[in-house]
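Given next are the chains, with one letter for each unit.
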Amino acid sequence: MKTCGFASAARRGLRHLRSRTALPVLCLVCGRTVWRDYSLCRECEAELPWLVEACARCGEELADNEDELCSRCRLDPPEFDACFAPLCYRSPVDKLIAGYKFNAEFAGGYALSRILARAATDRWRTSASPDLLLPVPLHRSRLRRRGFNQALEIAKVLAAASGVPLAAASLRKTRPTPPQTEMADAKRRRANIRGAFELVQSPKILRARHVALVDDVVTTMSTVAELARLLKRAGVEKVEVCCLARAN
């Protein structure tokens, strides 16, 4: 009963945020009152840890001695073709994402989603936009506990801003897995997630040649790499990843 009530509250909170226009709100970082339709003042938004120089393939922040690709991608590129994030996974972004995912603090998730939507739309004006947005799915047991899939809610904001269609149910997680961050090494992370997803063969996905996976944060890359393998086996030619933040 407690989980069901939390899920209902989550849905009500998300509906409220999506319908909101510019109102006086408190900035989530400094606490000042601002008149915006998301809860970050312009000064604090400007001071966020923006990801300026990133690897063109995996999206990780580049070291000073690296050019377009990081050393890892030059040797062993991931299965997806590109990863894009506007922000680094550092304070206060990490706290906002954690509050969104685990404590249903929707204002932070919505503010970061708006930032991603603006950055991705600008990116797709100068490069090919995807045919579909695919949110990274949660297993039904975790979805039941959390009450919402944060990747789906981020994708809804991105779809509304960019006009790229959203295929909300084209990917399914078939079994629960421990969090990837609990795995000690890359081999265990790959084994943990291998075969945990399936593709729902809808007309939308069958026609798609370029898709964007949407998630909150990319850390180990194992989840999005597994999904990219699945999509490419189904005939998708290009898989890019869009997330709020990229962790090193």
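None of these values were measured; they are calculated from a predicted model.

### Let's talk about the side chain of Thr121
- Within the secondary structure, Thr121 sits in helix H5 (residues 106-126).
- The exposure class assigned to Thr121 is buried, which follows from its relative accessible area of 15%.
- For Thr121, the side chain forms a polar contact with the main-chain oxygen of Ala117, separated by 2.7 Å.

### Digging into the packing of aromatic side chains
- Applying the stated criterion across every chain, the model contains 3 aromatic pairs.
- Aromatic pair Tyr100 and Phe106: ring centres 6.4 Å apart, planes at 80 degrees, arrangement edge-to-face.
- Plain terms: the ring middles of Tyr100 and Phe148 are 5.5 Å apart, the flat faces sit at 35 degrees to each other, and that makes the pair tilted. Of the two residues, Tyr100 is situated in helix H4 (residues 93-103) and Phe148 in the loop between helix H6 (140-146) and helix H7 (150-162); the sequence distance between them amounts to 48 residues. Assigned by exposure class, Tyr100 and Phe148 land together as buried.
- Through pairs of rings, three or more aromatic residues link up here, namely Tyr100, Phe106 and Phe148.

### Describing the packing of H5 against H7
- Between H5 and H7, whose axes approach to 9 Å, the crossing angle comes to 40 degrees. It follows from the interaxial angle that H5 and H7 lie oblique. Here H5 and H7 pass one another in a crossing that is right-handed. Each of Tyr110, Ser113, Arg114, Leu116, Ala117, Ala120, Thr121 and Trp124 in H5 lies in contact with H7, whose residues at this interface are Ile154, Val157, Leu158, Ala161 and Ser162.
- Taken together, the residues of the contact of H5 with H7 sort by class into 9 nonpolar, 3 polar and 1 charged.

### Digging into the pattern of salt bridges
- A complete count under the given rule lists 18 salt bridges for this structure.
- Its salt-bridge partner being Arg114, residue Asp37 comes within 3.0 Å of it at the nearest N-O pair. With Asp37 in the loop between strand E2 (33-36) and helix H2 (42-46) and Arg114 in helix H5, the pair connects residues that are 77 residues apart, well separated along the chain.
- Asp122 is the partner of Arg125 in a salt bridge, and the nearest nitrogen-oxygen pair spans 2.4 Å. Residue Arg125 and its partner Asp122 are both found in helix H5; the two are separated by 3 residues, about one turn of the helix.
- Asp122 gets classed as partly exposed once you look at its relative accessible area, which sits at 42%.

### Description of the pairing of strand E9 (residues 238-246)
- The buried count for E9 comes to 8 of 9 residues, which makes it a mostly enclosed element.
- Of the strand pairs in this sheet, strand E3 (residues 82-84) and E9 are connected by 3 bridges, and their pairing is parallel. From the neighbouring strand, Ala82 faces E9, where its bridge partner is Glu240.
- Direction of pairing for strand E8 (residues 210-218) relative to E9: parallel, over a ladder of 8 bridges. Pairing of Val218 across the sheet is with Arg246, part of E9.
- Viewed along the sheet, the connection from E8 through helix H10 (residues 222-233) into E9 turns out right-handed.

### Comments concerning H4
- For H4, every residue scored as buried is listed here: Val93, Leu96, Ile97, Gly99, Tyr100 and Lys101.
- Just beyond H4, the residue with positive phi is Ala104, at close to 55 degrees.

Cut-off values and rules
- Residues numbered from 1 in each chain as written.
- Predicted model: local features only at pLDDT ≥ 70, side-chain atom pairs only at ≥ 80, totals over all residues.
- Heavy atoms only, no water.
- Helix = DSSP H or I, 4+ residues; strand = E, 2+ residues; numbered from the N terminus.
- Buried < 20%, exposed > 50% of the residue type's maximum accessible area, 1.4 Å probe, protein only.
- Polar contact = N/O pair within 3.5 Å; in protein donor to acceptor, adjacent residues only side chain to side chain.
- Phe/Tyr/Trp six-rings, centres within 6.5 Å; stacked < 30°, edge-to-face > 60°.
- Axes fitted to C-alpha atoms, helices over the stretch in contact; angles between N-to-C directions.
- Parallel < 35°, antiparallel > 145°, perpendicular 65-115°, else oblique.
- Left-handed = near helix turned anticlockwise from the far one by under 90°.
- Contact = heavy atoms within 4.5 Å.
- Nonpolar A, V, L, I, M, F, W, Y, C, P; charged D, E, K, R; others polar.
- Salt bridge = Lys/Arg side-chain N within 4 Å of Asp/Glu carboxyl O.
- Pairing = 2+ DSSP bridges.
- Right-handed = clockwise from strand over helix to strand, strands pointing away.

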